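The chain contents come next:
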Amino acid sequence: MGSERTLTVTRRAMRNERVSLRPTRTHPSLIPVCFATVVSFVKRGRSGGSAGNEQLTAVVATILIVLLLIEGATLLRVRSLLTVHAFVGMLLIPVVALKIGSTGWRMLRYYLRREEYVRRGPPHVALRVLVGPLLVLSTILVFGTGVALLFLDQTHGTVAGLHKASFVVWSGAFGIHVLAHVLKLPRLVWARIPGVGLRAALVAGVLVAGAALAVATLPGAEKLQDRATSQFGFDGG
């Protein structure tokens, strides 16, 4: 009996050992989950995730402030500096589009409840509900009417009136927006965040596109300048 029990125990031990040596099977549903996690990690590493988006927005905002200061300076003598005014305005269009896009992306990801964007939280409710939408709408109207004036070859009329009125609204909304964010721009611009090369290439591409657009429409701007000069009787000197 003792030998039979020993043999039985030995057989059970060998059977358990064979079972333990079988390769472990990965549940099929875990494979796409793991793959998606790795892809998400790589993408976040290349772009910097929400921190990279915030830095991109800050860099574009800084460029916008500089270009808008130049654009604002032309308003002091807009009739004699109409060519410069139109050139900078066209240069600004792709830059403004990128700014709206980066900000819109952040809000979209936040409302889709993406964790890293939720952790950063939304902007102040007044900026999000009132100032932000007003700024976007007035920006579209300012640049839309500006482009229309250039292609219609007009310096006065209904479209010019809309351009001036939308600029007044835009100035107020933009001023509040800048005051709310300007102090944190240096820190965000110079922060070391993964994906800086990708963001630099994107900003450079937008500036090149803006310069190409401005150069392409320069003949129309010069024509508009000539019209203004003939109407108001000065040579722009």
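Up top you'll find the structure we're talking about.
Below is a short write-up of the structure. (Residues numbered from 1 in each chain as written. Predicted model: local features only at pLDDT ≥ 70, side-chain atom pairs only at ≥ 80, totals over all residues. Heavy atoms only, no water.)

## Brief notes about the nonpolar core
Core analysis: the biggest nonpolar cluster contains 27 residues, and Val60, Leu64 and Leu92 have the highest contact counts within it. Elements represented by at least two residues in this core include exactly helix 3 (49-74), helix 4 (82-111), helix 6 (125-152), helix 7 (158-181), helix 9 (196-216) and helix 10 (218-232). Among the elements that take part in this core, helix 4 stands out by supplying nine residues, more than any other. Those residues in contact with Leu92, other than ones at most four positions away along the chain, are Leu64, Leu67, Leu68, Glu71 and Phe143. (Core = buried A, V, L, I, M, F, W, Y, C linked by side-chain atoms within 4.5 Å. Buried < 20%, exposed > 50% of the residue type's maximum accessible area, 1.4 Å probe, protein only. Helix = DSSP H or I, 4+ residues; strand = E, 2+ residues; numbered from the N terminus. Contact = heavy atoms within 4.5 Å.)

## What about the packing of helix 3 against helix 4?
Look at helix 3 against helix 4: their axes get within 9 Å of each other, and the N-to-C directions meet at 155°. By the criterion of interaxial angle, the relationship of helix 3 to helix 4 is roughly antiparallel. Crossing of helix 3 against helix 4: the hand is left-handed. (Axes fitted to C-alpha atoms, helices over the stretch in contact; angles between N-to-C directions. Parallel < 35°, antiparallel > 145°, perpendicular 65-115°, else oblique. Left-handed = near helix turned anticlockwise from the far one by under 90°.)

## A word on the pattern of salt bridges
Scanning the model with the defined rule gives two salt bridges in all. Glu54 is the partner of Arg120 in a salt bridge, and the nearest nitrogen-oxygen pair spans 2.7 Å. Of the two residues, Arg120 sits in helix 5 (residues 115-120) while Glu54 sits in helix 3, which places them 66 residues apart along the sequence. Judged by relative accessible area, which is 41%, Arg120 ranks as partly exposed. Salt-bridge contacts for Glu115 lead to Arg119; the nearest nitrogen and oxygen are separated by 3.2 Å. Residue Glu115 and its partner Arg119 are located together in helix 5, separated by four residues, close to a single helical turn. Exposure remark for Glu115: the relative accessible area of 58% places this residue in the exposed category. We classify Arg119 as exposed; its relative accessible area is 60%. (Salt bridge = Lys/Arg side-chain N within 4 Å of Asp/Glu carboxyl O.)

## Comments concerning the environment of Arg109
Looking at the element boundaries, Arg109 is found in helix 4. Owing to a relative accessible area of 23%, Arg109 belongs among the partly exposed residues under this scheme. The spacing of Arg109 and Ser50 is 59 residues in sequence and 9.0 Å in space, taken between C-alpha atoms. Apart from residues lying up to four places away in sequence, Arg109 is in contact with Arg114 and Tyr117.

The analysis is restricted to geometry; functional conclusions fall outside its scope.
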